[in-house]
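Chain and residue survey
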Amino acid sequence: WILTHNIMKAIDLGLSVMWGDRNLGANSPERAGGIYTWTDATKKVNGLDLAGQMLGKGWRLPTYQEIEELLSNRFRPSFSPYSFGIQVQSWNGNSIFLPASNIDLNTVSSTRGQYWSSTLDNEMPGCANQFRFDQRGVYGGSNKIEYKQSIRPVFDPNI
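Attention here is on the structure that accompanies the text. Everything numeric here is computed off the predicted structure, so don't read it as measured data. The residue count restarts for each chain, going from 1 along the sequence in the order it is written. Local features in this predicted model are restricted to residues of pLDDT 70 or higher, and side-chain atom pairs are both shown and tallied only at a pLDDT of 80 or more, whereas totals for entire chains, interfaces and linings draw on every residue. The basis for every side-chain value is the complete set of non-hydrogen atoms in the structure, without hydrogens or water.

1. Focus on the nonpolar core
Residues Leu13, Trp19, Leu70, Ile96, Leu98, Phe131 and Phe133 are the most contacted members of the largest nonpolar core, which totals 19 residues. The set of elements that each furnish at least two residues to this core consists of α3 (64–71), β7 (84–89), β8 (95–99) and β10 (127–134). What makes two residues a contact is simply this: any of their non-hydrogen atoms within 4.5 Å. Leaving out residues up to four positions away in the same chain, Trp19 has contacts with Lys9, Ala10, Ile11, Leu13, Pro62, Glu66, Ile67, Leu70, Ile96, Arg152, Pro153 and Val154. By size, the runner-up hydrophobic cluster in this structure holds 16 residues, among which are Tyr36, Trp59, Ala128 and Ile151. The definition of a nonpolar core used throughout is a set of buried Ala, Val, Leu, Ile, Met, Phe, Trp, Tyr and Cys residues joined through side-chain atoms within 4.5 Å. Think of it in three bands: residues with accessible area under 20% of the maximum for their type are buried, residues over 50% are exposed, and the middle band is partly exposed, with areas taken using a 1.4 Å probe on protein chains only. Numbering of helices and strands runs from the N terminus; a helix is a DSSP stretch of H or I covering at least four residues, while a strand is a stretch of E covering at least two.

Below, the structure written as structure tokens:
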């Protein structure tokens, strides 16, 4: 099942939420899209975070638990015509491509990606949970909230 909203499509990976087919601000799944500080990404306007403000009701940043759920699926390094990234393949046959992205205070990377969750890191003040990848693998972790990273929104029809 795929739900389309403007340019973003919600892909059913058989998980608790559907994942966007592209990064926030990207015009195709292979493009990095925008980069955002965690503070800007989670600032609520009319009850919606940045993803909801840009895409509409039901769209939001993923929680760290939802990221961990996504990363429990099979993934593999992948090259698109535009960029390096990882392909996340679900048991139901659907998949999403996560491209390498612009990260860490506007430095450009073609071999790494970093993506925000909506979850603050309780053990490291001033940091929020994220996931990152490079050519060696995919990792959970956290980063300083003032750094800029990509966002892969999720669609939750219950909000």
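Here the narrative resumes.
2. Some thoughts on the sheet that holds β10
At least two bridges found by DSSP between two strands are what make those strands a pair. With respect to topology, 3 strands assemble into an open sheet ordered β9-β10-β11, the strand pairing being antiparallel. Because the sheet does not close on itself, it has two edges, and the strands there are β9 (113–120) and β11 (137–144). Each strand of the sheet is rotated relative to its neighbour by a mean of 30°, with strand direction disregarded. The pairing of β10 with β11 spans 8 bridges and is antiparallel. For helices, the fitted line uses only the C-alpha atoms of the stretch in contact; every axis is such a line through C-alpha atoms, and the angle between N-to-C directions lies from 0 to 180 degrees.

No statement about biological role is implied by the geometric values presented.
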